[in-house]
Amino acid sequence: QVQLVESGGGLVQSGGSLRLSCAASGSFFSVKGMGWYRQAPGKQRELVASISASGGNTYYTASVKGRFTISRDNDKNTVYLQMNSLQPEDTAVYYCTQSTATWSLPLKPGSWGQGTQVTVSS
């Protein structure tokens, strides 16, 4: 069972930036798609961004396009989410997930991390 550990969350002012990291254990990282979900209080968990195993394909939900960038380093078994121009509506717990597939739309989440809180103040 893969273990996913997120880091990089915190409190930031509106317009600021954060970079989330998700370190994965196991030997199958480079052949699995990865994704970031978020869940705000009282709302359903939503897919924010995903990336294929090779990094050649990415997906972003409409509300973060142009502001967030997902990337991965297969040598370090780590996936990143660079978040710029953060807004209060981006406040949520952000979860890393490893897909059960190399690439798919929609993402097929398998294992989950414990989540990291992102809070954007106005």
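Each remark here, short or long, concerns the structure printed above.
The rules behind these values
Residues numbered from 1 in each chain as written. Predicted model: local features only at pLDDT ≥ 70, side-chain atom pairs only at ≥ 80, totals over all residues. Heavy atoms only, no water. Helix = DSSP H or I, 4+ residues; strand = E, 2+ residues; numbered from the N terminus. Rg over C-alpha atoms; globule rule 2.2 N^0.38 Å. Core = buried A, V, L, I, M, F, W, Y, C linked by side-chain atoms within 4.5 Å. Buried < 20%, exposed > 50% of the residue type's maximum accessible area, 1.4 Å probe, protein only. Salt bridge = Lys/Arg side-chain N within 4 Å of Asp/Glu carboxyl O. Contact = heavy atoms within 4.5 Å.

J.: Help me out: how do you make sense of the overall build of the protein in this one?
T.: What the protein contains, in helices and strands, is zero helices and 11 strands. Ordered by position from the N terminus, the helices and strands of the protein form the series β-β-β-β-β-β-β-β-β-β-β. Here the C-alpha atoms of the protein give a radius of gyration of 13 Å, agreeing with the 14 Å that 2.2 N^0.38 yields for 122 residues. The principal-axis extent of the C-alpha atoms belonging to the protein is close to 40 × 25 × 25 Å.

J.: Just to check I follow, could you spell out the nonpolar core for this structure?
T.: For soluble globular proteins, the rule of thumb is that nonpolar side chains tend to be buried together. Counting 27 residues, the largest nonpolar core has W36, V79, L81, M83 and Y94 as its most contacted members. Of all the secondary-structure elements, those providing two or more residues to this core are β3 (18-24), β4 (34-39), β5 (46-51), β7 (68-73), β8 (78-83), β9 (92-99) and β11 (116-121). No other element matches β3, which puts four residues into this core.

J.: How should I be thinking about the pattern of salt bridges in this particular structure?
T.: Side chains that differ in charge, positive against negative, can pair when their charged atoms come close. Applying the stated criterion to the full structure yields three salt bridges. The closest approach of N and O atoms between R38 and E46, which form a salt bridge, is 2.7 Å. Since its relative accessible area comes to 6%, R38 is described here as buried. Residue D90 is joined to R38 by a salt bridge in which the shortest nitrogen-to-oxygen separation is 2.9 Å. With D90 in the loop between β8 and β9 and R38 in strand β4, this residue pair connects regions lying 52 residues apart in the sequence. The same class applies to D90 as to R38, namely buried. Three or more residues joined by partner-sharing salt bridges are found here, namely R38, E46, R67 and D90.

J.: Help me understand the environment of A23, please; the structure alone is not making it clear to me.
T.: You can see A23 is positioned in strand β3. Judged by its relative accessible area of 37%, A23 is partly exposed. Distance from A23 to S7, taken between C-alpha atoms, is 8.5 Å for residues 16 residues apart in sequence. The residues contacting A23, other than those within four sequence positions of it, are Q3, L4, V5, N77 and T78.

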